[in-house]
Amino acid sequence: MSKTYSYIFSLFFIFTFSLEAKSLLYEVSSENGTVYILGSIHLAKPELYPLDSEIIKAYEKSQVLVVEVDPSSQESVSSMQNTMIRSGLYPRGKSLRSELSAQTYMNLKEYTKKTGIPLESLEQMRPWVVMLQLSITEMIRLGYSPELGIDKHFLDKARSEAKPVLELETAEEQMALLSKDDKAFQDKLLLYTLESMHELEPMLDEMFQGWREGDSEVFDKIMNMPIETDPGLKEVYSDLITKRNHTMTDKIVQFLKTKKDYFVVVGSGHVIGEEGIVDLLERRGFRVIQK
């Protein structure tokens, strides 16, 4: 099992940060305890570290670390392997050439020719696997590493300190979202990835600046850009982001009913914007402060 694949179910949206930034760290309070929510990245660069002191203080104050999914747990690895075997490849007689729309396949052919990736090496992979493979490859080319992700940083830290770790989702749930057996969904997922790949680096630069200024509106704008460009992506966005936000918020509300403090590390795309976790918690009457 490659290290690349051990992170694939975390790669829905990827954000960059500055070590001098006012971070996307939020303090949510209830009568019983506090939940700190940190907008995370799953791949990062060395200059991200050391993290801001406010982040470290929030982690140290908390008794429990919470992540979307622990990709290194035996359950996660097993779920990932099973999904890849069951839903990651086309059966004999089918391929990307036969299953993708003409436009998506043409875009894929042009992209692989431009980047030097052999198209034949991807032909039997289903679109969701190709999407992740290409995204990871491009992020690594730009200098980002899954080994430096914030989630992994705190998971490693929690293990070394024997701090309890909880998950907001399971690997099986995340993999099921991406491997959804819906031809139109899969085609849109890959098509948008291919069409936006050339914008990845400037998009990351813009988010980097927004993070430096503590400006969550920059992230919100970029998150909504796909839907504004193509309303047909609304269903994809709803499945991958909005519905999960509501489910994760329900779990965070349960944490707020206990007398413990929790440090929640979740992808930044889930934290900000209308129907982001912060917005949903505020609507439920919780006091939220950006640190």
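Look above for the structure.
As the structure is a prediction and not an experimental result, all values here were calculated from the model. (Residues numbered from 1 in each chain as written. Predicted model: local features only at pLDDT ≥ 70, side-chain atom pairs only at ≥ 80, totals over all residues. Heavy atoms only, no water.)

Quick question: what am I supposed to make of a negative patch on the surface here?
Among the surface-exposed residues, E75, E167, E172 and E173 lie close enough to one another that they form a single negatively charged patch. You can see E173 is positioned in helix α7 (residues 171-178). (Patch = residues over 30% accessible without salt bridge, like charges linked within 9 Å, V, L, I, M, F, W, Y side chains within 5 Å. Areas by Shrake-Rupley, 256 points an atom, 1.4 Å probe, with all protein chains shown as cover. Salt bridge = Lys/Arg side-chain N within 4 Å of Asp/Glu carboxyl O. Lys, Arg positive; Asp, Glu negative; His and termini not counted. Charge placed at Lys NZ, Arg CZ, Asp CG, Glu CD. Helix = DSSP H or I, 4+ residues; strand = E, 2+ residues; numbered from the N terminus.)

What is the right way to read α7 from this model?
In an α-helix, one turn spans 3.6 residues, which is why side chains three or four residues apart end up on the same side. If you check which residues of α7 are buried, you get A171, Q174, M175 and L178. Here the buried residues of α7 occupy an arc of 95° about the axis, which is enough to place them on one side. Its buried side turned inward, α7 meets α2 (74-87), α5 (127-141), α8 (183-196) and α11 (234-255). (Buried < 20%, exposed > 50% of the residue type's maximum accessible area, 1.4 Å probe, protein only. Arc of directions from axis to C-beta. Contact = heavy atoms within 4.5 Å.)

How should I be thinking about the nonpolar core in this particular structure?
The tendency in soluble globular proteins is for nonpolar side chains to be buried side by side. Of all hydrophobic cores here, the largest spans 33 residues; its most connected members are L96, L108, W128, V130, L134 and L189. Those elements that place two or more of their residues in this core are α2, α4 (102-115), α5, α7, α8 and α11. Residue contributions to this core peak at seven residues, all from α5. Setting aside residues up to four positions removed in sequence, L134 forms contacts with L108, Y111, I117, L122, L194 and M197. Formed by 23 residues, the second largest nonpolar core is a distinct cluster that contains I252, V271, I272 and I277. (Core = buried A, V, L, I, M, F, W, Y, C linked by side-chain atoms within 4.5 Å.)

Would you mind going over the pattern of salt bridges with me for this structure?
One side chain can pair with another of opposite charge once the charged atoms of both are near each other. For the structure on display, the rule yields 14 salt bridges. Put simply, K243 and D239 hold a salt bridge, and the shortest N to O gap is 3.0 Å. Taken as a pair, K243 and D239 lie in helix α11 at a separation of four residues, close to a single helical turn. Judged by its relative accessible area of 8%, D239 falls in the buried class. Members of the salt-bridge network, linked through shared partners, are D70, E147, K152, D156 and R159.

I'm lost on the side chain of S40 in this one. Help?
Relative to the assigned elements, S40 resides in strand β2 (residues 34-40). Polar side-chain contacts of S40 include one of 2.8 Å to the side chain of D151. (Polar contact = N/O pair within 3.5 Å; in protein donor to acceptor, adjacent residues only side chain to side chain.)

Help me understand unusual backbone geometry, please; the structure alone is not making it clear to me.
It is generally the case that most residues other than glycine have a negative phi and that most peptide bonds are trans. Despite not being glycine, A162 shows a phi value in the positive range, around 55°. With respect to the element layout, A162 can be found in the loop between α6 (150-160) and β4 (165-167). Here A162 falls in the exposed class, since its relative accessible area comes to 68%. Although it is not a glycine, E275 adopts a positive phi angle of roughly 70°. Checked against the element boundaries, E275 lands in the loop between α12 (268-271) and α13 (277-283). Residue classification places E275 among the partly exposed residues on the basis of a relative accessible area of 29%.

What exactly am I supposed to notice about the sheet that holds strand β6 (residues 287-290) here?
Strand pairing in a sheet takes place through backbone hydrogen bonds and is either antiparallel or parallel in direction. Read from one edge of the open sheet, six strands run β4-β3-β5-β2-β1-β6, paired in mixed fashion. The open sheet has two edge strands with one neighbour each: β4 and β6. Shown here is a sheet whose adjacent strand axes are inclined to one another by a mean of 25°, direction ignored. As judged from the three bridges shared by strand β3 (residues 64-67) and β4, these two strands associate in the parallel manner. Residue pairing across strands places V67 opposite E167, the latter belonging to β4. (Pairing = 2+ DSSP bridges. Axes fitted to C-alpha atoms, helices over the stretch in contact; angles between N-to-C directions.)

Could you clarify how one ought to interpret the environment of L100 in this entry?
By secondary structure assignment, the location of L100 is in the loop between α3 (96-99) and α4. Taking relative accessible area as the criterion, L100 reaches 9% and is therefore assigned buried. Note: C-alpha distance between L100 and K183 (83 residues apart in sequence) is 8.0 Å. Every residue in contact with L100, bar those within four places of it in the chain, is listed here: Y105, L108, P127, D187 and L190.

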